[in-house]
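# Coordinate inspection notes
Chain residues, written in single-letter form:
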Amino acid sequence: MSARSINSSDVVRTPTTWHSLSVDAAFAELSSTPRGLSSAEASRRLADAGPNELTFAGSTPRWRVLLRQFASPLIAILLVAALITLVQRHWVDSGAIFLILAINASLGFVQERKAEADVQALKSMSTPSCRVLRDDRELIIPGRDVVPGDLVLLESGERVPADLRLVEANSLQLDESMLTGETFAATKHIEPLAVDVGDTDKSNIAFSGTFVANGRGKGLVVATAAGTALGEINALIQEPPGKTPLQLLTHSLERRIGLIILVTVVFIFIAGLVLGHDASLMFRTAVGLAVATIPESLPIVLTVALSLGVSRMARRNAIIRTLPAVETLGSTNVIGSDKTGTLTQNRLTVERIWTTAGLLDLSATNEEAGMVKLALVRAVLRAGALTNEATLSAEQGAEYSGDAVDAAMAKIAVARGAITEQDRTADPLAHQPYEPHLRYSQTVHADSHGRRTLYVKGSPEALLDAAVAVAHPDGTRTLDHSQVHAANEEMGREGLRVIATGSRAVADDEKLGHPLPAPSGLTFLGMEGMTDPPREGVAEAIEKCRRAGISVMMITGDHPVTAMAIAGRLGMSTRRPALTGAEMATLDDRMLAARLEETSVAARVSPQDKLRIVHALQSVGKIVAVTGDGVNDAPALKAATIGIAMGRSGTDVAREAADVILTDDNFVTIVHAVEEGRVTFAAIRKTTYFLLSTGAAALVAVTLSVFAGTPLLFLPVQMLWMNVVTNGVQDIALAFEPAEGDELIRLPRPPSEGLLSRTLWFRAGITGAWMALAVLLSFIMDLRVGFPETHARTLALTMFVMLSFFQVFSSRAENKSLFQLRLLTNKPLLYTSLGALALHWAVMTWPFSARLLGLTPLNFWEWLVCIAVGSTVLIIVEAEKAVRRWSHRHDENAP
C-alpha cells in the first residue's frame, strides 16, 4: 500500500508497489531502519502525515436536522395555508396548522437525533494502542500516533494499527475476515511478490484493522489513516444517500395533491364570481376548502407511523438510523447477505471425523454423536488437541482463542471427552508449530508411565507422505492411499476444511532434535472436517423470506465450494454454480443482471464486485437490502437501497454505511424487521386512503354546490371545523393499527405501485363520490322541505362527520373484512373517533360555539338518519371487499 509522502519532493508509490519490494528496499524507500525511527523523526512525520485515524461523516448539525423536517411540498402548502389564514385573522385555524407543523418537526427531529446517538454509542475505539520500535527501544503508543516508517511489533491477539510491509514473520497468521470474508486465517511471510497480485493474495502485507490470530512478526508501516486499504473502503461510503422508495412516493403524491387542490380552488373562486357570488366570500371559501381538503396531517402521520415502527423494531433488536428506512425494509425484494459472521457464526467447528471405521457426523443427533466413544475417534481428537497452540480465555466466556483450526480441534476434543484441558495444556517434551511450507505441526508428549508419543497434524497429503500404516478398530493395517484420498475429496465437496492426524511411539533411546526432524513411520489416525456453521434460525428465516417473496443471495469473498456448501445447508438454491469475481469481469452489466437471476451465491468477490452486484440488481428494478459486518461490506451497504449492519461484531465503517443496525447480529432479526416494515407501510397506506377519500369527498361536494344553484354548502368557518372534527386526530390514531397477520405471506409491493394500490384508488374514488353525493343531497333535500340554511348546513356537516366516522373504521384493513378485526386492537382510533363525535355534538349544543360556527342542534331522529346514511359507506366497502375475495378464489379454482 502507498505511504504518505515523507518529504514534499518524494514520489508516492502506487498501492501495488510495497508487496513487490524486498525488505531492504522497503526500509530504504521509507528512510527507516530495523531499529525503528527516532522519536524526533516520528514526531516530524506525525505532523506531516497527520494522525492515523479514519474520518467518518460528522454528526448532522441540529439546525439542519430540524430544517430537513420541512423539506416537503406538502409542508410548503400547509405553510402557505397557515399564512393566508393568519392574514385573514382566522387565529384558531392558523394556530392549529402551525401546531401540527411544529409537532411533526419535533417528532422527526427527536427520532433522528436519537438514532444517531444510538449509532455513536455502538462505535468502538479503533486500535487504542500498539507496540513499536523507536530509538531501538520497544514503546507502547496510541494507534493514532503511528507514522509511515514505524516498525510495529505484532503478537497473537493484537490488532494491526496500519498497513504494514512485513519484515519478520514467525508462524504469523492474520484474521482478515473483516476485509476478505474468509473464515480461515491468512498465513503471512516476508518474501516479495509479483506486482499484479491482488489485495487478498498479498501475503507479505498486514492490513490495518485485521487481527493477529497466531504467531509473531514485525511490520514496516507503509500507509496510515485514509491511505490504508481500510481507509480506501471508508472513502467509498462518504457520499450522501439517495431517496428511499417511500420518500419518492410521498413526494410524488404531495406534488399531485398540491396541483389538484390549487387548480380546483382557483376554478371554484372564478366560477363563484361568474355565478354572482360575493368575491370576499368566495375567496374565504376557496381558502377554507383548501385547508379542509389538504391532508395536512399526512406528514405527522408518516412520522408517527415510522416512529412506531422504529420503536417496535428496537424491541426486536434493530436500530433504525433514519425514519424512512423502516418502510424501505418492507419494500425489499432482494437481500444480499455476507456469509461470514452474518449467515454463519464466524467460528470454525469440527463437524465430521473420518476413520477407517466410517464417517462420523458430529452435527447430527446425540445418539450418533455418542460414537465418539470409539477408540479410533478418540485417538483422532486427542492427537488434534495435543498438537495445538489454542488457549482457553476466561475473559471470552471460556472460548478458545488463537489459530481458528487449533481452537476448533481443541474445543471438540475437550467437549467430547477425548482429553482433559489439564492434559491438553501439559508442557510437551518437544514442539514444532505449524509452518505453511511444511503443511504440518508436531509435538511429543509423555504419558503417566513415561511412554513418549509423537503426534502430528496437518494436510492429508503431508500426513500420507509420512505414514506407513493406518489405524483400524482391530489394530493397524497397510495404508490405502486411495481410501484416504476418496474420503478427503468427499469432505472437500461439502466445503469442509480437512485436517489429518497421525502418531507413533517414540523409542526410549530416540533423541529429540531441535527442531524436530520431519515426521516418518506414522500411523494415520484419521481426519477432521471443519467449517464455519450457519447461525441458528437462519435457514428458517430464509424460508420465511422466500414465502414473503424476498430473494436471499449470499455475497462473499470466500471460496465457491465453501459458499455453495453453506448455501445448501441454509436451503438456498444450488442448482446453478456460484457467480465468481473472475466470471463477473467477463460480463457486461446486462449479462451480469441476467446471471444474478440464475444464482443465489456470489463467491470470491471483492468490495468493488459487491458494489457492482448491488447496482446491477437495482438496474432491473430491485429494492435491494445488503447485510454485513465487515469493512469489505461497507461500499455495498452504502449503495444498497437499505444497508443492514451488525452492531455487536460489525466494524465502525460498516455501521457508518448502514441504515439499520442489528444489535444482536442475527440474520433472523431481519425477517422481523421486514415484517414491521410492511406493517408500517400498511398503516401509512390506510391513513393516506382515508385522508384522500374524505378530502376528495369535501372537494367534490363543495365544487358541485357552487354550480347547483343553491346557497354555499358550507361556510368557510364550517369547512375549517370539518377539517378538525373529521380527521383531526383519527388519522393519526389509524397509524397505530397493528399487524393483520399475513404480512410475511404477501409478495413485496411492486416498485411501480404508488403509495396507494389500484384497489385503494378505486375504493377511494367510489367512497369519495358517494360521500360527496350523500352530503350534497341531504343539504338540497333539507332546503326543499323548508328548513333554513343553518339547519341544512348542520345536517350536511353532521352527515359528513358520520360518513368519515365509518370510513375511518373501514380503512383499518385493505383486504380483510372489518368484522374479522377485533375492535379494541386499536384503542386510540376507537377513543378518538368517539371523542370527535362527542365534540361535534357539544359544539352544536353549546349556544356560543353553535353561533360562532353557524350551527344548530339536531334532534334524535335527525342524528339517527345521519348515522344510517353514514354507515352506507361501510356497507359499500365491505361489499367491494367481498366481491374481490370471491373473484380471487374463483381465479384460483379456475382450470
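Structure: above.
Residues numbered from 1 in each chain as written. Predicted model: local features only at pLDDT ≥ 70, side-chain atom pairs only at ≥ 80, totals over all residues. Heavy atoms only, no water.

### Describing the sheet that holds strand 25 (residues 642-646)
Selection criterion: Strand pairing is assigned whenever DSSP detects at least two bridges linking the two strands. Here a helix means four or more residues in a row that DSSP labels H or I, a strand means two or more in a row labelled E, and each is numbered from the N terminus. Note on contacts: a residue pair qualifies if any of its non-hydrogen atoms lie within 4.5 Å across the two residues. Working convention: axes come from line fits to C-alpha atoms, limited for helices to the stretch in contact. Angles between N-to-C directions cover 0 to 180 degrees.
The strand order across the open sheet formed by eight strands is 8-26-25-24-9-21-23-22, and the pairing between neighbours is mixed. With one partner strand each, in any of the chains shown, strand 8 (318-320) and strand 22 (579-580) form the two edges of the open sheet. Direction of pairing for strand 9 (residues 334-337) relative to strand 24 (residues 624-628): parallel, over a ladder of four bridges. Bridge pairing links valine 334 to valine 624 in strand 24. Relative to strand 23 (residues 601-603), helix 20 (residues 560-569) is tilted by about 155°, and along the sheet it contacts strand 21 (551-555), strand 22 and strand 23.

### Overview of the nonpolar core
Soluble globular proteins: nonpolar side chains tend toward being buried together. Applied cut-off: We define the nonpolar core as a collection of buried residues of types Ala, Val, Leu, Ile, Met, Phe, Trp, Tyr and Cys that are connected through side-chain atoms lying within 4.5 Å of one another. Exposure classes here rest on a 1.4 Å probe applied to the protein chains alone. A residue is buried below 20% of its type maximum, exposed above 50%, and partly exposed in between.
Met554, Val660, Phe667, Leu713 and Phe714 are the most contacted members of the largest nonpolar core, which totals 111 residues. When residues of this core are assigned to their parent elements, the largest contribution, 16 residues, is made by helix 26 (residues 667-707).

### Points about the pattern of salt bridges
Cut-off, in case you're wondering: Put simply, a salt bridge is a Lys or Arg side-chain nitrogen that is within 4 Å of an Asp or Glu carboxyl oxygen.
Scanning all chains against the criterion turns up 32 salt bridges. Between glutamate 675 and arginine 316 there is a salt bridge, with the nearest N and O atoms lying 3.7 Å from each other. Taken as a pair, glutamate 675 in helix 26 and arginine 316 in the loop between helix 10 (298-315) and strand 8 lie far apart in primary sequence, 359 residues in all. Taking the shortest distance from any N to any O, the salt bridge between lysine 686 and glutamate 740 comes out at 2.9 Å. Placement of the pair is lysine 686 in helix 26 and glutamate 740 in the loop between helix 28 (730-734) and helix 29 (758-784), with a sequence separation of 54 residues.

### Looking at the side chain of glutamate 676
Note the following rule: Under this definition, polar contacts are N or O atom pairs within 3.5 Å; protein pairs additionally need one hydrogen-donor-capable and one acceptor-capable atom, and for neighbouring residues in sequence, both atoms have to be side-chain atoms.
Along the polypeptide, glutamate 676 turns up in helix 26. By relative accessible area, which is 9% here, glutamate 676 ends up buried. There is a polar contact of 3.0 Å between the side chain of glutamate 676 and the side chain of arginine 316. Excluding residues within four positions of it along the chain, glutamate 676 makes contact with Arg312, Met313 and Arg316.

### Here we look at the packing of aromatic side chains
Applicable threshold: When the centres of two rings from Phe, Tyr and Trp lie within 6.5 Å, Trp using its six-membered ring, the rings pair. Their planes under 30 degrees apart give stacked, over 60 give edge-to-face, and anything left gives tilted.
Per the stated rule, a full pass over the model turns up four aromatic pairs. Summarising the aromatic geometry, the rings of tryptophan 846 and phenylalanine 848 are spaced 5.4 Å apart at their centres and angled 55° between planes, so their arrangement reads as tilted. Phenylalanine 848 gets classed as partly exposed once you look at its relative accessible area, which sits at 47%. Chaining the aromatic ring pairs together yields one cluster made of Phe805, Phe806 and Phe809.

### Some points on the packing of helix 19 (residues 538-547) against helix 26
Put simply, the rule is: Any angle that falls under 35 degrees is termed roughly parallel, while one over 145 is termed roughly antiparallel, one within 65 to 115 roughly perpendicular, and all others oblique. Left-handed describes a crossing whose near helix is turned anticlockwise from the far helix by less than a right angle; the clockwise case is right-handed. Side-chain classes follow a simple rule in which Ala, Val, Leu, Ile, Met, Phe, Trp, Tyr, Cys and Pro form the nonpolar group, Asp, Glu, Lys and Arg form the charged group, and the remainder, Gly included, forms the polar group.
Axis separation between helix 19 and helix 26 bottoms out at 8 Å; the angle between their running directions is 30°. The angle between helix 19 and helix 26 places the two elements in the roughly parallel class. Remark: the crossing between helix 19 and helix 26 carries left-handed chirality. Seen from helix 19, the contacting residues are Val538, Ala541, Ile542, Lys544 and Cys545; seen from helix 26, they are Phe667, Val668 and Val671. Here the residues of the contact of helix 19 with helix 26 sort into seven nonpolar, no polar and one charged.

### Thoughts on unusual backbone geometry
Even without glycine at this site, serine 31 takes up a positive phi of about 50°. Mapping serine 31 onto the fold places it in the loop between helix 1 (23-29) and helix 2 (39-49). The residue alanine 225 is not glycine, and still its phi comes out positive at about 50°. Here alanine 225 is to be found in the loop between strand 7 (211-223) and helix 7 (229-236). A residue is classified by how much of its surface remains accessible, and alanine 225, at 5% relative accessible area, is buried.

### Observations concerning the pairing of strand 15 (residues 440-446)
Counted residue by residue, strand 15 has six buried out of seven residues, so it is predominantly covered. Bridge count between strand 14 (residues 430-435) and strand 15: four bridges; the pairing is antiparallel. Bridge pairing in strand 15 links histidine 431 to threonine 443. Once strand 14 ends, the chain turns through four residues before running back antiparallel as strand 15, passing arginine 439 with a positive phi of about 70°. Across seven bridges, the pairing between strand 15 and strand 16 (residues 452-458) is antiparallel. The residue of strand 16 that forms the bridge with alanine 446 is arginine 452. If you look at the hairpin formed by strand 15 and strand 16, you'll find five residues sitting between the two strands, and glycine 450 has a positive phi there, around 85°.

### A short note on the environment of serine 804
Here serine 804 is to be found in helix 30 (residues 789-810). C-alpha of serine 804 to C-alpha of alanine 697: the two residues are 107 residues apart in sequence and 9.7 Å apart in space. If we skip the residues at most four places from it in the chain, serine 804 touches Phe690, Thr694, Thr726 and Met771.

### Structural notes on the packing of helix 22 (residues 589-598) against helix 23 (residues 607-619)
One can describe the packing of helix 22 onto helix 23 by two numbers: an axis separation of 9 Å at closest approach and a directional angle of 85°. Taken together, the axes of helix 22 and helix 23 are roughly perpendicular relative to one another. Contacts from Asp589, Leu592, Ala593 and Leu596 in helix 22 reach Arg612, Ile613, Ala616 and Leu617 in helix 23.

### Some remarks on helix 15 (residues 404-415)
Filter applied, for reference: Multiplying 1.5 Å by the helix residue count minus one yields the expected span of that helix.
The terminal C-alpha atoms of helix 15, which comprises twelve residues, lie 16 Å apart, in line with the 16 Å expected from a rise of 1.5 Å per residue. Buried within helix 15 are the following residues: Val405, Asp406, Ala407, Ala408, Met409, Ala410, Ile412 and Ala413. Looking one or two residues beyond helix 15, the residue adopting positive phi is glycine 417, at roughly 75°.

### Focus on the side chain of threonine 332
Relative to the assigned elements, threonine 332 resides in the loop between helix 11 (325-331) and strand 9. Setting aside anything within four residues of it in sequence, one finds threonine 332 in contact with Ile550, Ile623, Ala625, Ile642, Arg678 and Pro748.

### Describing the environment of leucine 392
Looking at where leucine 392 falls in the secondary structure, it is placed in strand 12 (residues 391-393). Residue classification places leucine 392 among the partly exposed positions, given a relative accessible area of 42%. Between the C-alpha atom of leucine 392 and that of alanine 410, which follows or precedes it by 18 residues, the distance is 9.3 Å.

### As for a nonpolar patch on the surface
Put simply, the rule is: To count toward a patch, a residue needs a relative accessible area above 30% and no salt bridge. Like charges then connect within 9 Å, nonpolar side chains (Val, Leu, Ile, Met, Phe, Trp, Tyr) within 5 Å. Accessible areas in this description were obtained via Shrake-Rupley with a 1.4 Å probe; residue shielding takes into account the shown protein chains only.
A grouping of Leu66, Phe70, Leu79, Leu83, Leu86, Trp91 and Phe98 is seen on the molecular surface, where their side chains present a nonpolar patch of about 620 Å² in accessible area. Every element with two or more residues in the nonpolar patch is listed here: helix 4 (73-87) and helix 5 (91-122). Ranked by residues supplied to the nonpolar patch, first place goes to helix 4 with three residues. For leucine 66, the position within the fold is in helix 3 (residues 62-68).

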